[in-house]
Amino acid sequence: MARLQDGTLAQTRLIQVTDPTVFAQYHLPGALPVAPGELVHGAPPAPGRLPDLNRLTALFSRLGHADDVHYIVYDDEGGGWAGRFAWTLDAIGHGRWSYLDGGLHAWAEAGGELASGPAEEPSATSPAIEVDRGPIAEIEDVLAAMEAGSTIWDVRSREEYLGQRSGSARAGHIPGARHLDWMALKDHSRATRLTEDLPTLLADHGIDPTVPTITHCQTHHRSGLSYMVGRLLGFKDIRAYHGSWAEWGNRDDLPISREEA
């Protein structure tokens, strides 16, 4: 059970977002599996967009979702997919979640017990899932953010940012976007726990928690981590552009740049 801010107790769901084969080999006792494919729309040209309501309802029904459930999320890569799940929770208006820092690797390093085999699934529920657009950015939101001078945070690799490599028809980045690779947010020397002194790291890259921020990558997987970091650091206003570069880079009517912001 988890204790909420108002002092009441809530049901807890421990969620491991990972490939099903990994879950079958290693997971925390009591964890429930969520496959990355359950969190994305999957269709080109922007496969990382939020799934439709039918798929979201099926997922959260399987997890035994209810208004008082508190989710503890983790993955086996240092927060990308865990952050994507946290963003999905925010996108259905459910902000009751925590992150297990470092996930599976940190747990194992600390000597935590690991289980294998299938999960013991909770009783299915019939949640009335609705989408809250607050955490979601679309193309028009990104264009408005560019005009307003808000922060656009690109967490792809430097090669992708500079247009030296691309998974889309066009290469480069959204004009004015700040670059801070998602890999810099997690510390592999500390079993993928979050990097120490993240506020200083972000400030050094021009990312200000008091300024409205939109983060993205190629398919809003890597930017799951940056979104979650922003939420954990108390950003005033952070959204994720779920179409990401897969959408932007495959449109020929949107501006691109290959220059440093």
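Criteria and cut-off values
- Residues numbered from 1 in each chain as written.
- Predicted model: local features only at pLDDT ≥ 70, side-chain atom pairs only at ≥ 80, totals over all residues.
- Heavy atoms only, no water.
- Helix = DSSP H or I, 4+ residues; strand = E, 2+ residues; numbered from the N terminus.
- Rg over C-alpha atoms; globule rule 2.2 N^0.38 Å.
- Buried < 20%, exposed > 50% of the residue type's maximum accessible area, 1.4 Å probe, protein only.
- Areas by Shrake-Rupley, 256 points an atom, 1.4 Å probe, with all protein chains shown as cover.
- Lys, Arg positive; Asp, Glu negative; His and termini not counted.
- Charge placed at Lys NZ, Arg CZ, Asp CG, Glu CD.
- Patch = residues over 30% accessible without salt bridge, like charges linked within 9 Å, V, L, I, M, F, W, Y side chains within 5 Å.
- Salt bridge = Lys/Arg side-chain N within 4 Å of Asp/Glu carboxyl O.
- Pairing = 2+ DSSP bridges.
- Axes fitted to C-alpha atoms, helices over the stretch in contact; angles between N-to-C directions.
- Contact = heavy atoms within 4.5 Å.
- Arc of directions from axis to C-beta.
- Phe/Tyr/Trp six-rings, centres within 6.5 Å; stacked < 30°, edge-to-face > 60°.
- Core = buried A, V, L, I, M, F, W, Y, C linked by side-chain atoms within 4.5 Å.
- pLDDT = per-residue confidence, 0-100.

Novice: Would you mind showing me how to read the overall build of the protein chain here?
Specialist: Broken down by element type, the protein chain carries nine helices and 13 strands. Radius of gyration (C-alpha) of the protein chain: 18 Å, near the 18 Å computed for a compact globule of 261 residues. Going through the 261 residues of the protein chain one by one, you find that 51% of them count as buried. For the protein chain, the accessible surface area stands at approximately 11,500 Å², while carbon and sulfur atoms represent 50% of it. Separation between the mean location of the 22 positive side-chain charges and that of the 36 negative ones in the protein chain comes to 2 Å.

Novice: Please clarify how a nonpolar patch on the surface should be interpreted in this entry.
Specialist: Taken together, the side chains of Tyr26, Trp107 and Leu114 define a hydrophobic patch exposed on the protein surface, amounting to about 280 Å² of accessible area. Note that leucine 114 resides in the loop between α4 (103–109) and β7 (136–137). Given the relative accessible area of 34%, leucine 114 is considered partly exposed.

Novice: Even after reading the chapter, I still don't get the sheet that holds strand β4 (residues 32–34), so can you show me in this structure?
Specialist: Strand pairing in a sheet takes place through backbone hydrogen bonds and is either antiparallel or parallel in direction. The four strands are arranged β4-β3-β5-β6 in an open sheet whose pairing can be described as parallel. Lying at the two open borders of the sheet, with one neighbouring strand each, are β4 and β6 (97–99). Averaged over neighbouring strand pairs, the angle between their axes works out to 30° when direction is ignored. Note: strand β3 (residues 12–17) against β4, three bridges, orientation parallel. Pairing of valine 17 across the sheet is with valine 34, part of β4. On the sheet, helix α3 (residues 80–91) packs against β3, β4, β5 (70–75) and β6 and is oriented at approximately 155° with respect to β5.

Novice: Can you walk me through helix α5 (residues 139–148) in this structure?
Specialist: Two residues of an α-helix separated by three or four positions point the same way, owing to the 3.6 residues in each turn. For α5, the full list of buried residues reads Ile139, Val142 and Ala145. Seen from one end, α5 has its buried residues packed into an arc of 125°, which puts them on one side. Among the exposed residues of α5, those oriented more than 90 degrees off its buried face are Glu140, Glu147 and Ala148. The secondary structure elements touched by the buried residues of α5 are β8 (151–154), β12 (213–216), β13 (238–241) and α9 (244–248). Positive backbone phi, at 80°, marks glycine 149, one or two positions downstream of α5.

Novice: Can you help me understand the pattern of salt bridges in this one?
Specialist: A side chain of one charge can pair with a side chain of the opposite charge if their charged atoms are brought near each other. Counted according to the given criterion, the structure contains 13 salt bridges. Residues glutamate 160 and arginine 165 are paired through a salt bridge, measuring 3.8 Å at the closest nitrogen-oxygen approach. Salt bridges linked by common partners bring Arg49, Arg133, Glu138 and Glu247 together as one network.

Novice: Would you take a moment to explain the packing of aromatic side chains for this structure?
Specialist: Aromatic ring pairs: the centre-centre distance and the angle between the two ring planes describe each pair. By the definition in use, this model includes four aromatic pairs. Between phenylalanine 60 and phenylalanine 85, the ring centres sit 5.9 Å apart and the planes meet at 35°, which makes this aromatic pair tilted. Highlighted residues: phenylalanine 60 in helix α2 (residues 53–62) and phenylalanine 85 in helix α3, separated in sequence by 25 residues. Judged by its relative accessible area of 0%, phenylalanine 60 falls in the buried class. Assessed through its relative accessible area of 0%, phenylalanine 85 is described here as buried.

Novice: Would you take a moment to explain the nonpolar core for this structure?
Specialist: Nonpolar side chains in soluble globular proteins generally cluster together in the buried interior. In this structure, Ile15, Phe60, Leu63, Tyr71, Phe85 and Leu185 are the most contacted members of the largest nonpolar core, which totals 44 residues. At seven residues, α3 tops the list of elements feeding residues into this core. Leaving out residues up to four positions away in the same chain, leucine 185 has contacts with Trp153, Leu180, Arg193, Leu194, Thr195, Leu198, Leu201, Leu202, Leu225, Ser226 and Val229.

Novice: I tried to follow the confidence of the model for the protein chain on my own but got confused; where do I start?
Specialist: Low-pLDDT portions of the prediction should not be read for the details of their coordinates. With 96% of its residues at a pLDDT of at least 70, the protein chain reaches an overall mean of 95. Counting contacts from residues 1–9, a segment whose pLDDT is below 50, to residues more than four positions away or on other chains yields 14 contacts.

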